[in-house]
Each structure stands twice: as C-alpha cells, then as structure tokens.
Amino acid sequence: MRNLPFLCGSRRLPLAAGAGKARTLVTLLGLASILPWYLPAALADTLFVADFRAGSIYTFGLDGARTTFASGLNFPGDVAFDRSGSLYVSEFNTGTIYKYTSGGTRTVFASGLGAPNMIAVDPSGNVYAESNDSYNNGPVYKIRPDGTWSLLAQLGYYPHAMACDQSGNLFVASGASGDIYKFSPNGAQSVFASPPGFVEGVTFGPDGLLYEGNFSSDIRRFSLDGTQSTEVATGVVYPLSLAFDSKGDLFSAEGAKINEFVNTAGVLASTPVVFASGFQDANGIAFQPVPEPSAWTLLAIGAIFLLAKQSRCSRAPKTETGPRSPFARVAPSTSQRAKNQILMS
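Residues numbered from 1 in each chain as written. Predicted model: local features only at pLDDT ≥ 70, side-chain atom pairs only at ≥ 80, totals over all residues. Heavy atoms only, no water.

### Some words on the overall build of the protein
The line we're drawing: Working definition: helices are DSSP H or I runs of at least four residues, strands are E runs of at least two. Numbering for both runs from the N terminus. The cut-offs for exposure are 20% and 50% of the maximum accessible area for each residue type, with area from a 1.4 Å probe on protein chains only; residues under the lower value are buried, those over the upper are exposed, and the others partly exposed. Contacts between residues were defined by any pair of non-hydrogen atoms, one from each residue, lying within 4.5 Å. Computed with the Shrake-Rupley method and a 1.4 Å probe, the accessible areas treat only the protein chains shown as cover for residues.
Looking only at helices and strands, the protein features 3 helices and 25 strands. Put simply, the protein has 345 residues, and 43% of those count as buried. Sequence separation of at least 24 residues holds for 43% of the intrachain contacts in the protein that already meet a minimum separation of 6. With an accessible surface of roughly 18400 Å², the protein has 55% of that area assigned to carbon and sulfur atoms.

### Observations regarding unusual backbone geometry
Backbone geometry places Phe75, a non-glycine residue, at a positive phi of 60°. By the element assignment, Phe75 lies in the loop between β3 (66-70) and β4 (76-81).

### Some words on the nonpolar core
Short version of the rule: As used here, the term nonpolar core means buried Ala, Val, Leu, Ile, Met, Phe, Trp, Tyr and Cys residues forming a set that is joined through side-chain atoms within 4.5 Å.
With 14 residues, the main nonpolar core has Leu47, Val49, Phe60, Ile258, Phe279 and Ile285 as its most contacted residues. Put simply, the parts of the chain that give this core at least two residues each are β1 (47-51), β2 (56-60), β21 (250-253) and β25 (273-287). The element contributing the most residues to this core is β25, with 6 residues. In this structure, Ile258 is in contact with Leu47, Val49, Phe251, Ser252, Ala253, Val273, Val274, Phe275, Ala276, Phe279, Ala282 and Ile285, ignoring residues within four places of it in sequence.

### Topic: the sheet that holds strand β15 (residues 189-193)
Filter applied, for reference: Should DSSP find at least two bridges between two strands, the strands are taken to pair. In this analysis an axis means a line fitted to C-alpha atoms, helices contributing only their contacting stretch, and an angle means the value between N-to-C directions, from 0 to 180 degrees.
Spatial strand order, β12-β13-β14-β15: 4 strands in an open sheet with antiparallel pairing. The open sheet is flanked by β12 (159-164) and β15, the only strands paired with a single partner. Going across the sheet, the axis of each strand differs from the next one's by a mean of 30°, ignoring polarity.

### Structural notes on the sheet that holds strand β8 (residues 116-121)
One open sheet accounts for 4 strands, arranged β8-β9-β10-β11; its pairing is antiparallel. Since the sheet does not close on itself, it has two edges, and those belong to β8 and β11 (149-154), each with one partner. Direction aside, the axes of adjacent strands within the sheet are offset by 25° on average. Here β8 runs beside strand β9 (residues 127-131); their pairing, made up of 4 bridges, is antiparallel. Of the residues in β9, the one forming a bridge with Ile119 is Ala129.

### Describing the packing of aromatic side chains
Any pair of aromatic rings gets described here by the distance separating the centres and the angle formed by the planes. The cut-off we apply is this: Between the rings of Phe, Tyr and Trp (Trp by its six-membered ring), a pair exists once the centres lie within 6.5 Å; its type follows the angle of the planes, with under 30 degrees stacked, over 60 edge-to-face, and the other angles tilted. The criterion for a charge sitting over a ring is simple: Lys NZ or Arg CZ within 6 Å of the ring centre, and within 35 degrees of the ring normal.
This model, assessed by the stated rule, comprises 15 aromatic pairs. Judged by centre distance (5.2 Å) and plane angle (65°), the ring pair of Phe69 and Tyr100 falls under edge-to-face. Of this pair, Phe69 sits in strand β3 while Tyr100 sits in strand β6 (residues 96-100), and the two are 31 residues apart along the sequence. Measuring from ring centre to ring centre gives 5.1 Å for Phe251 and Phe275, while their planes differ by 90°; the resulting arrangement is edge-to-face. One end of the pair, Phe251, is in strand β21; the other, Phe275, is in strand β25, and 24 residues separate them in sequence. Like Phe275, Phe251 is buried. Counting every residue linked through ring pairs, the aromatic cluster contains Tyr58, Phe60, Phe251, Phe275, Phe279 and Phe287. For Arg66, the ring lying beneath its charged end belongs to Tyr58, and the centroid distance is 4.3 Å. In this structure, Arg106 is placed above the aromatic ring of Tyr98, and the distance from its NZ or CZ to the ring centre is 4.0 Å.

### What about the side chain of Asp179?
The condition that has to hold: Positive charges come from Lys and Arg alone, negative charges from Asp and Glu alone, with His and the N- and C-terminal ends not counted. Each reported salt bridge corresponds to a side-chain nitrogen of Lys or Arg within 4 Å of a carboxyl oxygen of Asp or Glu. The term polar contact refers here to a pair of N or O atoms within 3.5 Å; inside protein, the definition further demands a hydrogen-donor-capable atom paired with an acceptor-capable atom, and it admits residues adjacent in sequence only when both atoms are side-chain atoms.
Within the secondary structure, Asp179 is located in the loop between β13 (170-174) and β14 (180-183). An unpaired buried charge is present at Asp179: no salt bridge exists, and Arg220, the closest side chain of opposite charge, is 12 Å distant. At 2.6 Å, the side chain of Asp179 and the side chain of Ser194 are in polar contact. Setting aside its immediate chain neighbours within four residues, Asp179 contacts Val172, Ala173, Ser174, Val191, Ala193 and Ser194.

### Here we look at the side chain of Asn117
Here Asn117 lies in strand β8. A polar atom in the side chain of Asn117 sits 3.1 Å from the side chain of Asn283. The residues contacting Asn117, other than those within four sequence positions of it, are Gly77, Asp78, Ser90, Phe92, Glu130, Asn132, His160 and Asn283.

### Concerning the pairing of strand β5 (residues 87-91)
For β5, a buried count of 5 out of 5 residues is recorded, marking the element as mostly surrounded by other parts of the structure. Residues of β5 alternate between two faces, with Leu87, Val89 and Glu91 on one and Tyr88 and Ser90 on the opposite face, all of them buried. Examined bridge by bridge, β4 and β5 share 4 bridges and lie antiparallel to one another. Each residue of the ladder has a partner; that of Pro76, found in β5, is Glu91. Joining the antiparallel neighbours β4 and β5 is a turn of 5 residues, in which Gly85 adopts a positive phi near 95°. Here β5 runs beside β6; their pairing, made up of 5 bridges, is antiparallel. Across the sheet, the residue bridging to Val89 is Tyr98, located in β6.

### Thoughts on the confidence of the model for the protein
As a reminder, the rule being used: Confidence scores labelled pLDDT are given residue by residue by the predictor and lie between 0 and 100.
Summing up the model confidence of the protein, the mean pLDDT is 80 and the portion of residues at 70 or higher is 70%. Considering only residues more than four positions removed or in separate chains, one finds that residues 31-43, a stretch of pLDDT under 50, has 25 contacts.

The following block contains the structure:
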C-alpha cells in the first residue's frame, strides 16, 4: 500500500465546541473519496470469452488457464460488464440478453430482441445490443437498467462492433456503410469516422482513444475527433472483438484463437502472440472490471484509516515521575523575584 503522509499531521489546531465530530465526519468523507486511489489495485485480468458455436462462456487468467463459466447457451454472441461487475451475455438464437451477478446467478435481463450479437454497457448501466437481423434493417437497441428496451437506430445490414466511452457515448460500426457512428447519451447520431475496410471490433484503450480492427488485417487508433492517428498493429485475421487488460495489452478475438498485442512502455507490439486457441468461434471478449465499492464500504474503510491515524498519531501527555533534573529550569518564586530587584537597585 502506498504511504499516506496525511494520516499523521504535525500540528493540532484548537476546535470550537462540537467541531470535533464535524471534523471526524469530514475526514471520513474525504478518506472515502480518495482511498480507492491508494488501495492496492485488484487487477482486472480475468478474460471472459463467448464461444459462439460452442455455446459456452470461458474465463482465462493471465497464465492462459481456461475454465468454463457457463455452457448450454444458444449461440452466445458477446459479453460485457457494467461498473458493479455484473456480466451481460447476448444469446443470438433466442433474442435474449442474460445478466449474471458477481455471485454467478443468472436472470433474463431482456428478451424479444432480434438476433442480438455484439453488446456494450455505458456508465449509467444502459445496455446496447446490435442485431444481425438484416430483414429489420440492422436494428440497434437500447436496454435500460430495468430491462425495458427501445429501438435506438437502424443502420442497415450487419452492424457489428460496439463500445461506450466514459461519457456515455455509444460507438457502432455499420457493415452497410463502413462508417463508425457515434450516439450521444440523448440519442443524437453522427458519423464519427469512415475507416477503410470492414470494421469488426472496437474498444477504448487506456489512453481514452478508440481502437478498431477490420478485415483489412490491421488495427487502427482514432483521436477523439474521429481522425485516424496511427495504425498500431497488422497481421490480424478477422478481429471480431477487442479488449485491453490492466497492463495495457490489447487482445483480439479471431474465431479459433485470441491474439495478444503486448504493451511495452506504452507502445503496443505491431505483431501479436497467441494467447489462447482451440475455440470453435471466439466471437466476443471482455475483461472483468474491479467492482466499484459502495458508499458504505468507502465510509467503513475511511473509519478504519481514521482509527489508524488516531492510534499512530495520538500520544499521552508526559508526566514527571522521578526527581527533577538539576538542570531543569524553574520559574522563580515571588520572594526570589523581590530579592533580585533589591540586589539590582
């Protein structure tokens, strides 16, 4: 854990009556607001993979060891997490979005959607799903946290890649036009970028910029105004989904395998290494985030640190128990001061 020098101050200011409790409350609230930045980070390095044809959701640690999280699904298209750590899974053949709590309990989050494939979750907990239902002109759905949904847009044949930024904007790549569309939180639609090739996967990197992979076998990075800033990698094959881990490595789901582009000093390797293979159809990937602590949890942590501060910083007043040192300075008595004045006059 990082050092917290503010826990033990060198000065104590006098407090007005009742101010002690007020300062304690302010201290708790202040600690609660900043402690998450100081606590050891629980690294978000569990990768979830939707294997479309296998009907399964797999998880992987950084060592590449695979476990089965769920099976028996009817063509799971994608996986996405909200800020609390709940997992959402799209089921292509049934038009259903499932929600898994952090404890593993599954419920139907939304149903009646037309062939949902790729999904994304915004910071407010709204889930977005695109449909490969070309008969309905490529619908994009917005599903509110209570599970009710509405049609957000129709983008033509095969809208595929989806991602949300931290401001709640949604980005969707259309297979019909080749454009990446941007939807603001109020639903306003605009063209964000028109990259060459057929866009497959999009995600936001740790730098806050949008990364997209396409059938042209490369991955590009775009600035916030939609300008392509650089080509970051080549040699990918059908990058169906993209995701970054906590170290800044970029992962690309490519059907039978998942590739990893290693981040070294802030620079992604231009060619990947194989992270995992043996899939029937790895279609969607996402890293499990660190769940945001509740306000009560933060206050409890703040209370613990405040008690630690009081324990470390408070000291009992010193009392003299032995004989006074002959060198100790003693204030002269009244009679002694009178004698001194007579001698000096």
